[in-house]
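# Observations on the three-dimensional arrangement
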Amino acid sequence: MPTKEVVLLDFWASPFATRVRIALAEKGVAFEGQEEDLFGGKSELLLNSNPIYQKVPVLLHDGKPVVESTNIVAYVDEAWPSPPLLPPCAYGRAQARFWADFIDKKVFDAGRNIWMGKGEELEVAKKDFIEILKQLEGALGEKDYFGGDSFGFVDIILIPMTSWFYAYEKFGGFKVEDQCHKFSAWMKKCMERESVAKYLPCPQKVYEIVIMLRKMNGIE
Ligand code: GS8
């Protein structure tokens, strides 16, 4: 059993685990990160605390596990209420949950279709990916952040995904910035935050992981 109050079962390149790191940093909560070896062998602690999915991240709060990153970020917001991440009104919260769910269902898988794709499949994957970013730009509107003036829940769910964009761009032969100006401006604004700058994985290192994943999937 971990003795620290807040322990995160982590993997540095995981955009899902990065969400939790950023959320804890925004709340000023000290935590102990335990890096998992996802390709070598998962710890007993991970297997026991997330028996259903056996995935990172897992947040252990006083030894009690919370799993699934969006669920964990919502838990962090309730357990440490200040500063709030979700909006105060019910409608704003419903909107935030809708977009978090959209991001969960769409962004990572669309990116994988790019780095796994070839020929016509790759062209379709790129088109789909840009379409998703355009839909997100629609949700952002003229606001600085998804929730309005301050960095919040949806920003935390989405920003870690962007550390994989460099790999998508390299394998897809395109630039997000050329096609989605508003999205790129939002990314840059988020990067200025200490929590994001500190915990976002290095895009070049993520690219190396993607090269490895392509090899593991038999793509050269
Ligand atoms: C996804 C976590 C996940 O895919 C969440 O927490 O939001 N819906 C979950 N974790 C990956 C690492 S990042 O790609 C993982 O732990 N994979 C190990 C495995 O699949 O065995």
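Residues numbered from 1 in each chain as written. Predicted model: local features only at pLDDT ≥ 70, side-chain atom pairs only at ≥ 80, totals over all residues. Heavy atoms only, no water.

### Side note on the site of the ligand
Rule in force here: When we say a residue is near a molecule or strand, we mean one of its heavy atoms is within 4 Å of it. Whenever a nitrogen or oxygen atom comes within 3.5 Å of another N or O atom, the pair is scored as a polar contact, on the condition that within protein one atom can donate a hydrogen and the other can accept it, and that pairs from neighbouring residues in sequence are kept only if both atoms are in side chains. We get accessible surface area from the Shrake-Rupley algorithm with a probe of 1.4 Å; when it comes to residues, only the shown protein chains can shield them. Residue type decides the class: Asp, Glu, Lys and Arg count as charged, Ala, Val, Leu, Ile, Met, Phe, Trp, Tyr, Cys and Pro as nonpolar, and the leftover types, Gly among them, as polar.
In the vicinity of the ligand, the contacting residues are S14, F16, L38, K42, K55, V56, P57, E68, S69 and F108. In this structure, V56 approaches the ligand through a main-chain N or O atom, which is 2.9 Å from a nitrogen atom. A distance of 2.6 Å is found between an oxygen atom of the ligand and a side-chain nitrogen or oxygen belonging to S69. Contact with the protein chains covers 74% of the free accessible surface of the ligand, which is 530 Å². Tallied by class, residues from the shell around the ligand come to 5 nonpolar, 2 polar and 3 charged.

### Thoughts on the side chain of S69
So the rule is basically this: Going along the chain from the N terminus, every DSSP run of H or I of four or more residues is numbered as a helix, and every run of E of two or more is numbered as a strand. Contacts were defined at the residue level, with two residues in contact if any of their heavy atoms lie within 4.5 Å.
Note that S69 resides in helix α3 (residues 69–79). Engagement of the side chain of S69 in a polar contact is seen with the side chain of R19, the distance being 2.8 Å. In contact with S69, not counting residues within four places along its chain, are F16, R19, V20 and P57.

### Considering the domain arrangement of the protein
By a widely used convention, the size of an interface equals the accessible area lost when the partners come together. Defined as follows: Note that the domain bounds were set by an automatic or database domain assignment. Joining two parts hides part of their accessible area as seen by a 1.4 Å probe, and the buried area is that hidden amount summed over both. The working definition used for a salt bridge is a side-chain nitrogen of Lys or Arg within 4 Å of a carboxyl oxygen of Asp or Glu.
What the domain assignment lists for the protein is domain 1 (6–79) and domain 2 (90–216). Here the C-alpha centroids of domain 1 and domain 2 sit 21 Å apart. Contact with domain 1, which involves 17 residues of that partner, is made by 24 residues of domain 2. Taking both partners together, domain 1 and domain 2 bury about 1800 Å²; carbon and sulfur atoms supply 77% of that area. Where domain 1 meets domain 2, there are 2 salt bridges. Note that R19 is salt-bridged to D104, the shortest N-O span being 2.9 Å. For the side of domain 1 that touches domain 2, the secondary structure elements donating two or more residues are α1 (15–27) and α3. The biggest single contributor to the side of domain 1 that touches domain 2 is α1, with 9 residues.

### Describing a nonpolar patch on the surface
Selection rule: Two joining distances apply to patches: 9 Å for like charges and 5 Å for nonpolar side chains (Val, Leu, Ile, Met, Phe, Trp, Tyr), and every residue must have over 30% relative accessible area and no salt bridge.
Together, F39, M212 and M216 make up a nonpolar patch on the protein surface, roughly 300 Å² of accessible area in all. Residue position: F39 is located in the loop between β2 (32–35) and α2 (44–49).

### Examining helix α4 (residues 90–116)
Convention followed: Working rule for helices: expected span equals 1.5 Å times residues minus one. The quantity called bend is, for any residue, the angle between two axes fitted respectively to the seven residues ending at it and the seven beginning at it.
With 27 residues, α4 should reach 39 Å at 1.5 Å per residue; the first-to-last C-alpha distance of 39 Å fits that figure. At I103, α4 shows its maximal kink, close to 30°. Elements in contact with the buried residues of α4: α1, α3, α5 (119–140), α6 (153–158), α7 (165–172) and α11 (203–216).

### So, the packing of α1 against α3
Basically, it comes down to this: Simply put, an axis is a line fit to the C-alpha atoms, just over the touching stretch for a helix, and the angle between two N-to-C directions goes from 0 to 180 degrees. An angle below 35 degrees is read as roughly parallel, one above 145 as roughly antiparallel, one from 65 to 115 as roughly perpendicular, and any other as oblique.
With their axes 9 Å apart at the nearest point, α1 and α3 run at an angle of 10° to one another. In terms of orientation, α1 lies roughly parallel with respect to α3. Seen from α1, the contacting residues are F16, R19, V20, A23, L24 and K27; seen from α3, they are S69, T70, I72, V73, V76 and D77. Each residue belonging to the contact of α1 with α3 can be placed in one class, and the counts come to 7 nonpolar, 2 polar and 3 charged.

### Remarks on the packing of α7 against α11
Convention followed: By definition, turning the near helix anticlockwise from the far helix through less than a right angle yields a left-handed crossing, and turning it clockwise yields a right-handed one.
Running from N to C, α7 and α11 point in directions that differ by 55°, and their axes come no closer than 8 Å. By the angle class used here, α7 and α11 are oblique. Note that α7 runs across α11; the crossing there is right-handed. Of the residues in α11, those touching α7 at Y166, A167, K170 and F171 are P203, Q204, Y207, V210, I211 and R214. Looking at the contact of α7 with α11 residue by residue, the classes come out as 7 nonpolar, 1 polar and 2 charged.

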